[in-house]
Amino acid sequence: ETGVTQTPRHLVMGMTNKKSLKCEQHLGHNAMYWYKQSAKKPLELMFVYNFKEQTENNSVPSRFSPECPNSSHLFLHLHTLQPEDSALYLCASSPPFGEQYFGPGTRLTVT
Amino acid sequence: QKEVEQNSGPLSVPEGAIASLNCTYSDRGSQSFFWYRQYSGKSPELIMSIYSNGDKEDGRFTAQLNKASQYVSLLIRDSQPSDSATYLCAVNMGEYGNKLVFGAGTILRVKS
């Protein structure tokens, strides 16, 4: 595997379900990010991790819970989501102060 | 609120022409700027980064930055139908150097 990978690529979940999104980067970067991309809206930064420490939470609802066990892996735990949370969730990584590279994304549908 | 503004388009250009994409940003202290290309249903792909005033060329792409005017642009020479995509401008507005704020994107259509 090269670059940034994300699993699953597609996810359909009910509002009472609990699921997790996984991201892995093979670039040796120290920073990882979660973004949300909804239709007709700009990319929204959700969380930033630098060297496994969370340095940014962009006022994200608590039903989204990130986890970064090491510099190569990032998770987004989901529970009791709403239909408006349906979107493309993108993971990215970068070196310090450097260019961000995106994974392919997880297309999430909340029913 | 820190913002990045782009014309949503669509911008239509004939094949072989120069496409000019523009972006303005609100944070005068921003130091790094990026252009991403996003095809429908795909994730953003980095095509250019620029950190200093002036022009930066990479193949058919030229990024231009004017910090005094808070303006960054992307020129695509010899546009091809495969360049048809949404182009996202991103500006780093974080104190730790890694908080990107994205514009809404400009849709580019290159007609053959």
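Each remark here, short or long, concerns the structure printed above.
Here the structure is a predicted model, which is why all the values come from computation and not from measurement.

Peer 1: How do you make sense of the side chain of A:S94 when you look at a structure like this?
Peer 2: Residue and element names in this part refer to chain A. On the secondary structure map, S94 appears in strand β9 (residues 87-94). Taking the relative accessible area as the measure of exposure, S94 reaches 0% and is therefore buried. A polar contact is formed between the side chain of S94 and the side chain of Y33, at a distance of 2.7 Å. If we skip the residues at most four places from it in the chain, S94 touches H29, N30, A31, Y33, E99 and Q100.

Peer 1: Looking at this model, I keep getting lost on the environment of A:L90. Mind explaining?
Peer 2: All names here are of chain A. With respect to the helices and strands, the residue L90 is situated in strand β9. The exposure class assigned to L90 is buried, which follows from its relative accessible area of 0%. The spacing of L90 and G28 is 62 residues in sequence and 18 Å in space, taken between C-alpha atoms.

Peer 1: In this structure, what is going on with the side chain of A:Q37? I would like to understand it.
Peer 2: You can see A:Q37 is positioned in strand β4 (residues 31-37). Here A:Q37 falls in the buried class, since its relative accessible area comes to 14%. Of the polar contacts made by the side chain of A:Q37, one reaches the side chain of B:Q38; its length is 2.8 Å. Every residue in contact with A:Q37, bar those within four places of it in the chain, is listed here: A:L43, A:A87, A:L88, A:L90 and B:Q38.

Peer 1: Before we go on, may I ask you to explain the interface of chain B and chain A in this structure?
Peer 2: Residue-level contacts link 18 residues of chain B with 21 residues of chain A. Roughly 1,600 Å² is buried in total at the junction of chain B and chain A, and carbon and sulfur atoms are behind 55% of that figure. Contact with chain A buries area across many residues of chain B, yet B:N98, B:K99 and B:F102 alone supply 32% of it, more than any other trio. In this structure, the connection of chain B to chain A is made through 1 salt bridge. Notably, a salt bridge pairs A:E56 with B:K99, separated by 3.1 Å at the nearest N-O pair. Counting across the chain B and chain A interface gives 5 residue pairs in polar contact (both at pLDDT 80 or more). For the side of chain B that touches chain A, the elements supplying multiple residues, two or more each, are β4 (33-38), β5 (45-50) and β10 (100-102) of chain B. Grouping the constituent residues of the side of chain B that touches chain A by class yields 10 nonpolar, 6 polar and 2 charged.

Thresholds applied
Residues numbered from 1 in each chain as written. Chains lettered and ligands numbered in written order. Predicted model: local features only at pLDDT ≥ 70, side-chain atom pairs only at ≥ 80, totals over all residues. Heavy atoms only, no water. Helix = DSSP H or I, 4+ residues; strand = E, 2+ residues; numbered from the N terminus. Buried < 20%, exposed > 50% of the residue type's maximum accessible area, 1.4 Å probe, protein only. Polar contact = N/O pair within 3.5 Å; in protein donor to acceptor, adjacent residues only side chain to side chain. Contact = heavy atoms within 4.5 Å. Buried area = accessible area lost by both parts, 1.4 Å probe. Salt bridge = Lys/Arg side-chain N within 4 Å of Asp/Glu carboxyl O. Nonpolar A, V, L, I, M, F, W, Y, C, P; charged D, E, K, R; others polar.

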